[in-house]
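Structural overview for review
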Amino acid sequence: SLETITVVTSRSCFSSLFSMIFITLFFLLTTTLNHSLSFTATRLQRVLVCGDGDLSYSASIAGDLADKGISLVASVLEDREKHHSVYEESQTHCEHISSCGNHEVKFNVDATDLVSSFKDTKFDQIQFNFPHWRGKMNHKRNR
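On a predicted model such as this, the values are computed, not experimentally measured, just so you know. (Residues numbered from 1 in each chain as written. Predicted model: local features only at pLDDT ≥ 70, side-chain atom pairs only at ≥ 80, totals over all residues. Heavy atoms only, no water.)

1. Considering the environment of glycine 101
Here glycine 101 lies in the loop between α4 (90–99) and β3 (104–106). Each C-alpha atom of the pair glycine 101 and leucine 72 lies 8.7 Å from the other, and the pair is 29 residues apart in sequence. (Helix = DSSP H or I, 4+ residues; strand = E, 2+ residues; numbered from the N terminus.)

The following block contains the structure:
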C-alpha cells in the first residue's frame, strides 16, 4: 500500500530543503525496514546469494536463516580451488555455511546465466551482491 506524507513547509529554501531531506530519509528508512523484514517472512524457504566474494556475507546470515528454517545457497564464480587460494577466509566461511542447517556453497556459478547452474531449482529470493572481478583496478571488466 502507498503511504502519503504531508509535510508543511514555509516559503524559505531551508524549509524546502529540509522537507526533501526528511521525505528522502523516510523513504529510505521504510524501504530498509521492509527489506529487512523480507528475511523474516515465513513464506521464504530458499534463498540464493550470487557473487558473494569471500563468502563472508553468506556466512554472516547463515545462522539466522537456519534458525528461521530458510535454506541458503551461496554462490561464487570461481572454482573451489581458485576461490580458496584467492580468499584467505574462504575455507572457513564455506565450512560455517555448510554447518548451518540445509545450506550449501556452489562454485563455478555465472550470475549472468543462472539457468545453467540451477536448471530445475527454484528460489524464493535471489540476491545479487554486485558480482565483480576481484581486484581494485578492474573497473572496465565490472561494467
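Let us keep going from here.
2. Description of the sheet that holds strand β1 (residues 46–50)
Overall, parallel pairing links the four strands, which are arranged β3-β2-β1-β4 in an open sheet. In this open sheet, the two edge strands, each paired with only one partner strand, are β3 and β4 (125–128). Averaged over all adjacent pairs, the angle separating strand axes in this sheet is 20°, with direction ignored. The pairing of β1 with β4 spans four bridges and is parallel. Across the sheet, the residue bridging to valine 49 is glutamine 127, located in β4. (Pairing = 2+ DSSP bridges. Axes fitted to C-alpha atoms, helices over the stretch in contact; angles between N-to-C directions.)

3. Notes on the side chain of glutamine 127
Along the chain, glutamine 127 turns up in strand β4. One polar contact links glutamine 127 to asparagine 129, side chain to side chain, over a distance of 3.0 Å. (Polar contact = N/O pair within 3.5 Å; in protein donor to acceptor, adjacent residues only side chain to side chain.)

4. Let's talk about the pairing of strand β2 (residues 71–75)
Most of β2 is tucked away: five of the five residues are buried. Of the two faces of β2, the one holding Ser71, Val73 and Ser75 and the one holding Leu72 and Ala74 are both buried throughout. Taken together, the four bridges between β1 and β2 define a ladder with parallel strand orientation. By the bridge assignment, valine 47 is partnered in β2 with leucine 72. Handedness of the β1-helix α2 (residues 56–67)-β2 crossover: right-handed. Relative to β3, β2 runs parallel, the two being bridged by three bridges. (Buried < 20%, exposed > 50% of the residue type's maximum accessible area, 1.4 Å probe, protein only. Right-handed = clockwise from strand over helix to strand, strands pointing away.)

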